[in-house]
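# Coordinate inspection notes
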Amino acid sequence: LRPQDLALLNELLMQCQFDPAVKVVFLTGDTAAFCAGADLKAVNAAARDRGIEGSELASEVLQRIVTMSKIVIAAVSGPASGLGHHIATVCDLAVIRAGASFHYTGPEKGIPSLQLGALVLPMMIGVKRAKELLIRGGVLSAERAVELGLANAVVPAAEWDAHLDALAAEFTARHPQVMALDKYQ
């Protein structure tokens, strides 16, 4: 993701937040990658122009996902690396296509975890497991991501589209104010 991608994603999330016709938001990529992470050189350069840290640009998007009243579902269709695994982590639900994975690359690239992802991750999987992922890095298979609590379900590739359609239908039929209140429980 480049700075303009982060700005666009943030804007689209804001539009979804204030559009009463939107009841659920899906964030997805393709089988090549859910999200390969941030373009660090471009993000850091853009952040310097604004007088902030590069991580703050990405944190704006993560914060928007966490604070919006709409349900946000990560549909992880391919590898989620760097910022990609942070995005999936802060979403309300995450479904992962069989064969997709989470890549914790910060330790090998010398990049510390974004604050929000590092705060949410221990609540989801426990402090020791979160520290291990953030300090050691590595790749988690779809099955291991579900086992740890980073994703809700592994979906076979042949069922992927139908599963996402069923989730959309399920959440569209629910009461938006109740979902918004329950989101913060």
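Above: the structure in question.
Throughout what follows, the structure given in this document is the object of discussion. (Residues numbered from 1 in each chain as written. Predicted model: local features only at pLDDT ≥ 70, side-chain atom pairs only at ≥ 80, totals over all residues. Heavy atoms only, no water.)

## Some words on the pattern of salt bridges
Inclusion rule: Take a side-chain nitrogen of Lys or Arg and a carboxyl oxygen of Asp or Glu: if they are within 4 Å of each other, that pair is a salt bridge. Where helices and strands are cited, they refer to DSSP runs of H or I of at least four residues and of E of at least two residues respectively, numbered from the N terminus. The buried label applies to any residue whose accessible area, calculated with a 1.4 Å probe on protein chains only, is under 20% of its type's maximum; exposed applies above 50%, and partly exposed to all values in between.
The tally for this structure, following the rule as stated, stands at four salt bridges. Across the pair Asp 92 and Lys 183 runs a salt bridge, and its minimum N-O distance is 3.0 Å. Of this pair, Asp 92 sits in the loop between helix H4 (83-90) and strand E4 (93-97) while Lys 183 sits in helix H10 (residues 176-183), placing them 91 residues apart in sequence. Here Lys 183 falls in the buried class, since its relative accessible area comes to 15%. Across the pair Glu 147 and Arg 144 runs a salt bridge whose closest N-O atoms are separated by 2.2 Å. Linking Glu 147 with Arg 144, this pair stays in helix H8 (residues 142-148), spanning three residues, or about one helical turn. Take Glu 147: its relative accessible area is 57%, and that puts it in the exposed class.

## Focus on the sheet that holds strand E1 (residues 24-28)
What counts, and what does not: The pairing criterion is simple: DSSP has to find at least two bridges between the two strands. With axes taken as lines fitted to C-alpha atoms, and helix axes fitted only over the stretch in contact, angles between N-to-C directions fall between 0 and 180 degrees.
Across the sheet, four strands lie side by side as E1-E2-E4-E7; this open sheet has parallel pairing. Since the sheet does not close on itself, it has two edges, and those belong to E1 and strand E7 (153-155), each with one partner. When strand polarity is set aside, the average angle formed by the axes of neighbouring strands in this sheet is 25 degrees.

## Digging into the sheet that holds strand E3 (residues 80-81)
Overall, mixed pairing links the three strands, which are arranged E3-E5-E6 in an open sheet. Strand pairing shows two members of the sheet lacking a second neighbour, E3 and strand E6 (138-141), which therefore form its edges. The pairing of strand E5 (residues 101-104) with E6 spans four bridges and is antiparallel. Within the sheet, the bridge partner assigned to Phe 102 lies in E6 and is Leu 140.

## Some thoughts on the side chain of Lys 183
Going by this rule: Between N or O atoms, a polar contact is any pair within 3.5 Å; within protein, one atom must be a potential hydrogen donor and the other a potential acceptor, and residues adjacent in sequence are included only when both atoms are from side chains. Contacts between residues were defined by any pair of non-hydrogen atoms, one from each residue, lying within 4.5 Å.
Among the polar contacts made by the side chain of Lys 183, one reaches the main-chain carbonyl oxygen of Lys 70 at a distance of 2.7 Å. Residue contacts for Lys 183: discarding those within four places in its chain leaves Ile 65, Val 66, Met 68, Ser 69, Lys 70, Ile 71, Val 72 and Asp 92.

## Considerations on the environment of Val 22
Here Val 22 shows up in the loop between helix H1 (3-18) and E1. Along the chain, Val 22 and Pro 176 lie 154 residues apart, while their C-alpha atoms are 9.1 Å from each other. Apart from residues lying up to four places away in sequence, Val 22 is in contact with Cys 16 and Lys 70.

## Topic: the side chain of Thr 89
With respect to the helices and strands, Thr 89 occurs in helix H4. From its side chain, Thr 89 meets the backbone oxygen of His 85 in a polar contact 2.7 Å long. The residues contacting Thr 89, other than those within four sequence positions of it, are Tyr 104, Val 120, Leu 121, Met 124 and Leu 150.

## Some words on the packing of aromatic side chains
We count it as follows: Whether two aromatic rings pair depends on their centres lying within 6.5 Å, for rings of Phe, Tyr and Trp, where Trp uses its six-membered ring; planes under 30 degrees apart make the pair stacked, over 60 edge-to-face, and the rest tilted. A ring has a charge above it when a Lys NZ or an Arg CZ is no more than 6 Å from the ring centre and no more than 35 degrees off the ring normal.
One pass over the structure, following the stated rule, counts zero aromatic pairs. Over the ring of Phe 171 we find Arg 174, and its NZ or CZ is 6.0 Å from the ring centre.

## Some thoughts on the environment of Pro 176
Structurally, Pro 176 can be placed in helix H10. The exposure class of Pro 176 is partly exposed, given its relative accessible area of 31%. Considered as a pair, Pro 176 and Ser 69 are 107 residues apart in the sequence and their alpha carbons are 8.4 Å apart.

## Things to note about the pairing of E4
Bridge analysis of strand E2 (residues 71-76) against E4 gives four bridges, and the strand direction is parallel. Counterpart to Ala 75 in the pairing with E4 is Val 95. Here E4 runs beside E7; their pairing, made up of three bridges, is parallel. Bridging from a neighbouring strand, Ile 96 pairs with Val 154 of E7.

None of this, on its own, says anything about what the molecule does.
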